[in-house]
Every structure is written in C-alpha cells, then in structure tokens.
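Fold and geometry: a report
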Amino acid sequence: MSVQNVLNLIKEKNIEWVDFRFVGLSGKAQHISLPATEVDEDTFVNGVAFDGSSIPGFRGIEQSDMVMMPDTETAYVDPFTAHPTLIIMSNIHTPEGERYDRDPRSIAQKAEEYLQTTGVGTTAFFAPESEFFIFDDVRFENGMNKSYFEVDSEEAGWNTGRKEEGGNLGYKVPVKGGYVPVAPMDSQQDIRSEMCNKLAEAGLRIERHHHEVATAGQAEINFRFDTLTKTADNLLKYKYIVANTAREYGKVATFMPKPLFGDNGSGMHVHMSIFDGSEPLFYEKGAYANLSEMAINYIGGILYHAPALIALTNPSTNSFKRLVPGYEAPVNLVFSKGNRSAAVRIPIAAVTPKGCRIEFRTPDSTANPYLAFAAMLMAGLDGIKKKIDPRALGYGPFDTNIYEMSDSEKAEIRSVPGTLDEALDALAADSDFLIEGGVFTQDFIDNYIELKRGEAKAVAIRIHPHEYNLYFDC
C-alpha cells in the first residue's frame, strides 16, 4: 500500500486518529496516536519521534530520542476504538536515519534479507499456533506480606460444585478434557467466532478455531502462514484483537504459557518452510516424512542450537513451568513425523508439496515474534550451511511416544533447559549463528541477556506461597 493509498484510506474511512505502533524487546506493542489531520506525506518520510529510554532495554536516557518509521503495508482499521483509528506498524530508526540495531522488527527484516544472500532460497514462511486462555476473573498481588494469584472460569473443572451461578448448569470442562468438545461443554464458540470475524476484517485469513485441551477456557485460533516479518506483524494483530474482544465480552484473555498448575499450558507451535520463488524446498517424495535433505539439515540446526534458541522462543520464567513432562509439552529435543512428544514434528496428514513444513513445538507466546522467528530461521540456515544431520547426532527420528520410554532410554535424549537462566547461559555460549550476516549484534544479545537475567532474579528472590507449605513448620 503506497503512502497515497493510506492517505486515501484515511479520507474514505473518516479516520480521526492514526495510531503508530512499534515493538520493544518484550514483544509488547507500544503506540502513539496522531490526529489524522496532522498526518501527511511528510509523516512517512520524517517519521514519528518518541522517547526510547522509557522502553525497558531499548535506549539509554542520554540517547533517548528515537524515530518510528511507518510501514504503510501494515495499515488496518482498529475494530475497537470509538473514534475511527488507523493502526500502522513502524520500524525504529536513530535520529540520524539509521535502522536501530535493537529494533526487533528490523532484526526480523534483516533475517529475511540474509536468507536471500545465502543462495538457499528466496522466502521463509512462518505459521504460529498461538494458544491462549479466556478467563472470567483474574486477581494477583505481590507484596511484602502477601503473594497470590487467583483465576476463575465458569467452565472450569473446579467449579462443578459452585452455587454462585444462580443454579449450576454443569457441563464443566475436566482437567485435560477440553480438546474440541461441542456445546454446551464448549461455552466459548461465539466469543472465538467473534475474534475470528474481527481478525478477518483486519486482514488475516482464518483457517479454524477450537477449544484446546485444558480446562477453564483454553482456546486456539489458526491463521494463514505468511513471510517472516508479516507473520510477526499478524501475530501482534492477533493478540491485540483476541485480548480486546475478550474484554468486550467481559472476560480476559491471556497468552501466559502456564497460568494454571496441573493442566496443559499454552504453547506457540511454529510451522516453517523455505521456498525458492514458487518452488518448495522442504519436499522430497518418498523420503522420511517426504522431507528433503535441506529440511533435515534445517531441523538439525534448530535442534543443535535449541538450548540457546529457547532463550528467545521461551523467554519468561513462566515458560519453564510449561516445559515439564506430562502435559503434552515438547521437552524432548528430537524430531519425528506426527509425534507431538517431540520438539520438532513434521505434519504428515493432508500435506501437499507446497504444504510440506516442519513444526517447532517448544515456543510460547511470551516470545517476541520478530526475535523468535528470526532466531529460528538463523538456526535452521546454520544447519543447512553446515549440513547438520540430526540423525547422526541422536536427535531422531523418534516415532514412538517418548513419555512412555524407560528412564534409561530417555536418558539418551537431550531435553530443553530447565530454567530461563539455563537458557540464557546457553545463549551466551552459543550466539555466533545469530550474528551471522549482521542480523543480530553482540550488543543486542548482551543487552537482551542482561534484561532477561533481571527478570529471572526478580522472580527468584521473591517468596513463593508454596514455600509456606514446605517450610513454615520446619
């Protein structure tokens, strides 16, 4: 979409405000709104100024001036604002006009540019399956003398005996019993359909939606794959629309990986493939799972670099509450066709040559999608470049249920890091593949590790309620 087309859209839709957005290291969208009357061609040339020092890990106070450079291809009408508003994503530049090395969206674009210099292919496609919960009530508090959280859902399995509903109507979703039941067990069909309608109006191609495995309103909506940066843009749009539609219904949506103890968490399984023009490069008929040797090497790169990669794809302390055995969590660093207990799965049902892809099941939605997708691509490309063979390294294929293997058999399988600190240690020790081609910089990685270690320490030094169960009467 050209600048002129955006200006025409502002007139056609009677837009009153233009909302310019960017993404910090956390992956959360930030925004500044300008009156539509103040937006003209110069806005797209000169950009929109903001204070970079107020964004954690972004910029020092002595160099706080930054500039948002709008990307006209991302424009869409906000479906929630009372005053007609146009949303536009932006890249971050320095006041001197240079692309900022700590801007996640720019890093994603540099990863796509690097792919084209390698001669491997022209385009990488990504498709995330981002799961979430829809709760009726969320409460939490952390202080000197108290620390707790409490969530509730009318469909939760723990509410079979609740009387406050004006007559309990039953049909509660059991723990681990929520995968694709029909109504009245699935009480959230309409809210998910409304989310999908708004997403479609905002430009996403919706493929399906359904209730997920966990109790208390776990859901999944799948949208169509796209190129790396566009998919990251779409994921931010997805999370924004899901959260605000839930709010319109008087509910709250969260993409937190593990909001409930004792049931499945929410992942973000990421499907990936590489094309050369219109030719799919991951397909080879008759090979294992119909995967080409290039795809096998790409998997090798993902699994070899996984401990470091997970610092970017699972970047929260809560991520590692999900990555535990027994809850369909992909903790085993192996690959397999159709096997959901493996970190890398190759879908084999109803797959065409162009649909042939690999699925990395470990990530979750606390990841900054621009950083996570860029890092996955860089790991896969390193595997292709170095011809990393996951079979030779003992990463599979494993076509049996790994959770049912004996302890001695499982001892031979690498697992994901157990904590955020372990993942950050791995990233500090293995970051060269990210720096290749100048996609990430060492400054960015060092700064990212420092920021995330601060989060891990903030959690570690706080008193956990379960410690009272364990130690109060010691």
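Residues numbered from 1 in each chain as written. Predicted model: local features only at pLDDT ≥ 70, side-chain atom pairs only at ≥ 80, totals over all residues. Heavy atoms only, no water.

Put simply, the test is: UniProt positions are given in the numbering used here, feature names are shortened, and annotations may be inferred rather than shown by experiment.
An unreviewed UniProt entry annotates the protein chain as Glutamine synthetase originating from Paenibacillus marchantiophytorum. Among the UniProt annotations of the protein chain, the heading Subcellular location (unreviewed entry) holds the following wording: "Cytoplasm".

**Describing the overall build of the protein chain**
Going by this rule: Only DSSP runs of H or I with at least four residues qualify as helices, and only runs of E with at least two residues qualify as strands; both kinds are numbered from the N terminus onward. The atom set for the radius of gyration is the C-alpha atoms, and the globule formula is 2.2 Å times the number of residues raised to the power 0.38. Each residue's exposure class comes from its accessible area (1.4 Å probe, protein chains only) as a fraction of the maximum for that residue type: buried when under 20%, exposed when over 50%, partly exposed otherwise. Here, two residues are considered to be in contact whenever any of their heavy atoms come within 4.5 Å of each other. Here the Shrake-Rupley method, with its probe set to 1.4 Å, supplies the accessible areas, and only the displayed protein chains count as covering residues.
Looking only at helices and strands, one finds 14 helices and 18 strands in the protein chain. Relative to a compact globule of 474 residues, whose C-alpha radius of gyration would be 23 Å, the protein chain shows 23 Å and is just as compact. Considered along the principal axes of its C-alpha atoms, the protein chain spans approximately 65 × 60 × 50 Å. Out of the 474 residues belonging to the protein chain, those deemed buried represent 53%. Within the protein chain, residue pairs in contact and separated by at least 24 positions form 68% of the contacts whose partners lie at least 6 positions apart. When the accessible area of the protein chain is evaluated, it comes to approximately 21600 Å², of which 51% is carbon and sulfur surface.

**Things to note about the pairing of strand β17 (residues 342–346)**
Basically, it comes down to this: Strands were regarded as paired on the criterion that DSSP finds at least two bridges between them.
Among the five residues that make up β17, five are buried, leaving the element largely enclosed by the rest of the structure. Across four bridges, the pairing between strand β16 (residues 332–337) and β17 is parallel. Bridge pairing in β17 places F335 opposite V344.

**Some words on the packing of helix α6 (residues 293–304) against helix α9 (residues 369–386)**
The condition is simple: For helices, the axis comes from a line fit to the C-alpha atoms of the stretch in contact; other axes are also lines fit to C-alpha atoms, and the angle between any two N-to-C directions lies between 0 and 180 degrees. Roughly parallel means an angle under 35 degrees; roughly antiparallel means over 145; roughly perpendicular covers 65 to 115; every other angle is labelled oblique. Put simply, a crossing is left-handed when the front helix is turned counterclockwise from the back one by less than a right angle, and right-handed when it is turned clockwise.
Orientation of α6 relative to α9, taken along the N-to-C sense of each, is 120°, at an axis distance of 6 Å. Here α9 runs oblique to α6, going by the angle between their axes. Of the two possible hands of crossing, α6 and α9 adopt the one that is right-handed. Of the residues in α9, those touching α6 at M294, N297, Y298, G301 and I302 are M376, L377, A379, G380, L381, G383 and I384.

**What to know about a nonpolar patch on the surface**
Counted only if it meets this: The patches described consist of residues with a relative accessible area above 30% and no salt bridge, like charges being joined within 9 Å and nonpolar side chains (Val, Leu, Ile, Met, Phe, Trp, Tyr) within 5 Å. By definition, a salt bridge exists where a carboxyl oxygen of Asp or Glu is found within 4 Å of a side-chain nitrogen of Lys or Arg.
Taken together, the side chains of V138, F140, F149 and V252 present a nonpolar region at the surface, about 400 Å² in accessible area. Mapping V138 onto the fold places it in strand β8 (residues 137–142). Overall, V138 belongs to the partly exposed group, its relative accessible area being 36%.

**Some words on helix α5 (residues 228–248)**
Heads up, the condition is: Here the expected length of a helix is defined as 1.5 Å per residue gap, with one fewer gap than residues.
Between its terminal C-alpha atoms α5 stretches 30 Å, which fits the 30 Å expected from 21 residues at 1.5 Å a residue. In terms of burial, α5 is a largely internal element, 15 of the 21 residues being buried.

**Some points on the packing of aromatic side chains**
Our working definition: Note on aromatic contacts: the rings of Phe and Tyr and the six-membered ring of Trp form a pair at centre separations within 6.5 Å, being stacked when their planes are under 30 degrees apart, edge-to-face when over 60 apart, and tilted otherwise.
In this structure the tally under the stated criterion is 16 aromatic pairs. Between the aromatic rings of F80 and Y240, the centroid separation amounts to 5.7 Å while the plane-to-plane angle is 80°, which identifies the pairing as edge-to-face. Here F80, found in the loop between β5 (76–77) and β6 (85–93), pairs with Y240, found in helix α5; they are 160 residues apart in sequence, far enough to count as distant. Pairwise contacts between aromatic rings join F132, F223, Y238 and F255 into one cluster.

**Some remarks on unusual backbone geometry**
At the junction of A183 and P184, the peptide bond is cis and its omega measures out at 5° in the coordinates. For P184, the position within the fold is in the loop between β9 (147–152) and α4 (189–201). The omega torsion across G396 and P397 is 10°, close enough to zero to call that bond cis. Position of P397 among the secondary structure elements: in the loop between α9 and α10 (407–410). For Y171, which is not glycine, the phi torsion reads 55° and is therefore positive. You can see Y171 is positioned in the loop between β9 and α4. The exposure class of Y171 is exposed, given its relative accessible area of 54%. Unlike most non-glycine residues, V180 shows phi in positive territory, near 50°. Secondary-structure assignment places V180 in the loop between β9 and α4.

**Things to note about the side chain of T72**
Within the fold, T72 resides in the loop between β4 (65–70) and β5. If sequence neighbours within four positions are ignored, T72 has contacts with M1, S2, V3, V6 and F44.

**Some remarks on the pattern of salt bridges**
Oppositely charged side chains can form a pair if their charged atoms are brought close together. What the rule picks out here adds up to 24 salt bridges. Put simply, E154 and K251 hold a salt bridge, and the shortest N to O gap is 3.9 Å. Here K251 lies in the loop between α5 and β13 (252–254) and E154 lies in the loop between β9 and α4, a separation of 97 residues in the sequence. Among the salt bridges present, the one from E194 reaches K198, with a minimum N-O distance of 2.4 Å. A residue pair is termed a helical-turn pair when its members lie 3 or 4 positions apart in one helix, as E194 and K198 do in helix α4 at four residues. Given the relative accessible area of 9%, K198 is considered buried.

**A few points about the environment of D226**
Examined against the element boundaries, D226 turns out to sit in strand β12 (residues 226–227). It is 9.8 Å that separates the C-alpha atoms of D226 and M272, two residues lying 46 residues apart in sequence. In contact with D226, other than residues within four places in its own chain, are A124, F125, F126, T231 and N234.

**Focus on the packing of α4 against α5**
This is how it is decided: Three residue categories are used. Nonpolar comprises Ala, Val, Leu, Ile, Met, Phe, Trp, Tyr, Cys and Pro, charged comprises Asp, Glu, Lys and Arg, and polar comprises the others, including Gly.
Put simply, α4 and α5 touch, their axes get as near as 9 Å, and they point 135° apart. Taken together, the axes of α4 and α5 are oblique relative to one another. Both α4 and α5 take part in a crossing whose hand is right-handed. Here α4 contributes I191, E194, M195, K198 and L199 to the contact with α5, which in turn contributes K237, Y238, I241, V242, T245, A246 and E248. The residue makeup of the contact of α4 with α5, split by class, is seven nonpolar, one polar and four charged.

**Brief notes about the pairing of strand β2 (residues 29–35)**
With seven bridges connecting them, strand β1 (residues 17–23) and β2 associate as antiparallel partners. Among the inter-strand pairings, F20 is bridged to a residue of β2, identified as I32. Hairpin connection, β1 to β2: the antiparallel pair is bridged by five residues, and G27 has positive phi, about 95°.

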